[in-house]
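Descriptive analysis of the structure
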Amino acid sequence: MPQTTDAAASVHRPEPARPRRRARVHRAWWVAAVTFVTITGAAAFRSLPGILIDPLHQEFGWSRGTIGAAVSVNLALYGLTAPFAAALMDRFGIRRVVAVALIVIALGSGATVWMDSAWQLILCWGLLVGLGSGSMALAFAATVTNRWFTERRGLVTGVLTAASASGQLIFLPLLSWIVETYDWRPAAVTVALAALAVVPFVWLLLRDHPADVGQKPYGAQEFVPKPAPVPGAARRALKVLFSAARTGPFWLLAGTFAICGASTNGLIQTHFIPAAHDHHMPLTTAASLLAVIGVFDVVGTIASGWFTDRFEPRRLLAVYYALRGVSLLFLPLLLAPSVHPPMIFFIVFYGLDWVATVPPTLALCREHYGDDSAIVFGWVLASHQVGAALVAFLGGVARDAFGSYDVVWIASGALCAAAALMALVIRRRPAPVTALS
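A brief look at the structure comes next. Please read these numbers as outputs of a predicted model, since none were measured by experiment.

Rules behind the numbers
- Residues numbered from 1 in each chain as written.
- Predicted model: local features only at pLDDT ≥ 70, side-chain atom pairs only at ≥ 80, totals over all residues.
- Heavy atoms only, no water.
- Helix = DSSP H or I, 4+ residues; strand = E, 2+ residues; numbered from the N terminus.
- Buried < 20%, exposed > 50% of the residue type's maximum accessible area, 1.4 Å probe, protein only.
- Contact = heavy atoms within 4.5 Å.
- Areas by Shrake-Rupley, 256 points an atom, 1.4 Å probe, with all protein chains shown as cover.
- Patch = residues over 30% accessible without salt bridge, like charges linked within 9 Å, V, L, I, M, F, W, Y side chains within 5 Å.
- Salt bridge = Lys/Arg side-chain N within 4 Å of Asp/Glu carboxyl O.
- Phe/Tyr/Trp six-rings, centres within 6.5 Å; stacked < 30°, edge-to-face > 60°.
- Lys NZ or Arg CZ within 6 Å of the ring centre and 35° of its normal.
- Core = buried A, V, L, I, M, F, W, Y, C linked by side-chain atoms within 4.5 Å.
- Axes fitted to C-alpha atoms, helices over the stretch in contact; angles between N-to-C directions.
- Left-handed = near helix turned anticlockwise from the far one by under 90°.
- Nonpolar A, V, L, I, M, F, W, Y, C, P; charged D, E, K, R; others polar.

1. Considering the overall build of the protein chain
Looking only at helices and strands, one finds 20 helices and 0 strands in the protein chain. Out of the 437 residues belonging to the protein chain, those deemed buried represent 54%. Residue pairs at least 24 apart in sequence account for 84% of intrachain contacts in the protein chain once pairs closer than 6 positions are excluded. Surface accessibility of the protein chain: about 18800 Å² in total, with carbon and sulfur atoms responsible for 67%.

Next comes the structure, spelled out in structure tokens:
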């Protein structure tokens, strides 16, 4: 009898190893990490517009409005591609779509070194890079979050949204130094190489669905089988758009996000450096300030994801837009040849608020549109980029016409105030309705 007890004890000794396996980092976090690195690498080219406006103007004699037109094409395609990219990921898988997108970005960026006319700038910088970066827009982050996580979605959304700012943080100082020390062409080549360097990570480490590795989504109680490929990606993206367009929340979310894009990518990212240069601030100093925005963007977006898991998203949006509008009204008074404390305060605040709007916006899309939320968010993101494209172009035109950006700052501040009011109008989807039915 004692021998049997000893044998049973020896059989049960390996049992404690199972909890250790469960304690390992869930594969979803590795997928999120690869997604973060991918978006960071793709963000490199998006750091260039503000740096290259003056060099291209000086070398080719193109007006700032013409250069702004190329930027606007890039920004518009970045947004308009997103909903189709989300549908393509459902059809062909995340890994294939993202790998091809990175290669397209590298081709577009590398080809700019041979351009000598404005239409080539629009083709390479606007079309190719716009399509490639749009395929890895925030809809990519939304797709990864929806597939791999059922818990911590707000936090993960914030982290992945911050990846673009991280790319800005890494590449802006480097690219501005390259442009000032050498030329703008080596900077474009650097961006192409950065995009290509991410491709192996995507192909080897990224997976389309938790079922591919035999795991449940993070926080899920049950195993979720991988859905069958969805044919007709373009048809599905348009079908979701037509369905969402019949609802009020879609237009309010699209309108607020258009103003978000106008006041970030279209305004500050594109025109802050040339505006600071107008006030005799050195190029590298202005680029470094944008990089600091990237630092605090990471903090602000992750914090916003945490807040979104705990507070009402529409109220968060109202606060974010209202404070952003106030800060823009003060910006014309802060630009100077050197950096002073009020400017640092503006940069820190704007960084915290930069894309803090994304987690609550995505949460509202998920609340109202369920399984279609990634594609709906793609269309909302399209409005973000259309707003950015308009201001990128009109900001350059205003600078050519008035000789300064003051009108643009003030108009953008007023738009942010309107966005705050629009956010408060969005009504939450009432939970008791399903319970009563």
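2. Description of the environment of Leu107
Summarising the element assignment, Leu107 is placed in helix H6 (residues 94-111). The exposed category is assigned to Leu107, whose relative accessible area is 55%. Linking Leu107 and Leu128, residues 21 residues apart in sequence, is a C-alpha distance of 7.6 Å.

3. So, the side chain of Ser176
Along the chain, Ser176 falls in helix H9 (residues 153-181). Residues contacting Ser176, with those up to four places away along its chain left out, are Ile51, Leu283, Thr284 and Ala287.

4. Quick word on a nonpolar patch on the surface
A surface patch of nonpolar side chains, amounting to about 470 Å² of accessible area, comprises Leu80, Val386, Leu390, Phe393, Leu394 and Val397. In this fold, Leu390 is placed in helix H18 (residues 373-402).

5. Comments concerning the packing of aromatic side chains
Two measures describe an aromatic ring pair: the distance that separates the ring centres and the angle between the ring planes. Scanning all chains against the criterion turns up 11 aromatic pairs. For the ring pair Phe60 and Trp62, a centre distance of 4.3 Å and an interplane angle of 10° mean the geometry is stacked. Under the relative-accessibility criterion, Phe60 is labelled partly exposed at 22%. Among the aromatic residues, ring-to-ring pairing joins Phe60, Trp62 and Trp184 into one connected group. The ring of Trp203 is capped by Arg95, whose NZ or CZ atom sits 4.5 Å from the centre of that ring. Sitting over the ring of Tyr350, Arg324 keeps its end group 5.9 Å from the ring centre.

6. Remarks on unusual backbone geometry
Residues other than glycine seldom take positive phi values, yet His280 does so here, at roughly 70°. Here His280 shows up in the loop between helix H13 (265-278) and helix H14 (283-308). By relative accessible area, His280 is classed as exposed at 65%.

7. Re the environment of Met281
As for its placement among the helices and strands, Met281 is situated in the loop between H13 and H14. When the C-alpha atoms of Met281 and Leu335 are compared, they prove to be 8.4 Å apart, with 54 residues separating the residues in sequence. Excluding residues that lie within four positions of it along the chain, Met281 makes contacts with Ala276, Ala286, Leu289, Ala336, Pro337, Ser338 and Val339.

8. Considering the pattern of salt bridges
As enumerated under the stated definition, the model contains 6 salt bridges in all. With a closest N to O distance of 2.4 Å, Arg314 and Glu312 form a salt bridge. A cluster of three or more residues bridged by salt bridges with shared partners is formed by Glu59, Asp183 and Arg185.

9. Section: the nonpolar core
Counting 91 residues, the largest nonpolar core has Leu56, Ile268, Phe272, Leu331, Met343 and Phe346 as the members making the most contacts within it. Excluding anything up to four places from it in sequence, Ile268 contacts Ser263, Leu290, Ile293, Leu328, Leu331, Phe346, Tyr350, Trp354 and Trp409. Membership of the second largest hydrophobic core comes to 29 residues, among which are Met89, Ile94, Ala106 and Val202.

10. Some words on the packing of helix H12 (residues 248-263) against helix H15 (residues 313-334)
Two elements in contact, H12 and H15, have axes whose closest approach is 12 Å; the angle formed by their N-to-C orientations is 35°. When the axes of H12 and H15 are compared, the crossing they make is left-handed. Here Thr256, Phe257, Cys260 and Ser263 of H12 lie close against H15, whose contacting residues are Tyr321, Arg324 and Leu328. Here the contact of H12 with H15 is built from residues that sort into 4 nonpolar, 2 polar and 1 charged.

11. Overview of the environment of Gly396
Relative to the assigned elements, Gly396 resides in helix H18. In the structure, Gly396 is positioned 122 residues away from Pro274 in sequence and 9.8 Å away in space, judged by C-alpha atoms. Residues within four places of Gly396 in sequence aside, it is in contact with Arg64, Gly65, His271 and Val391.

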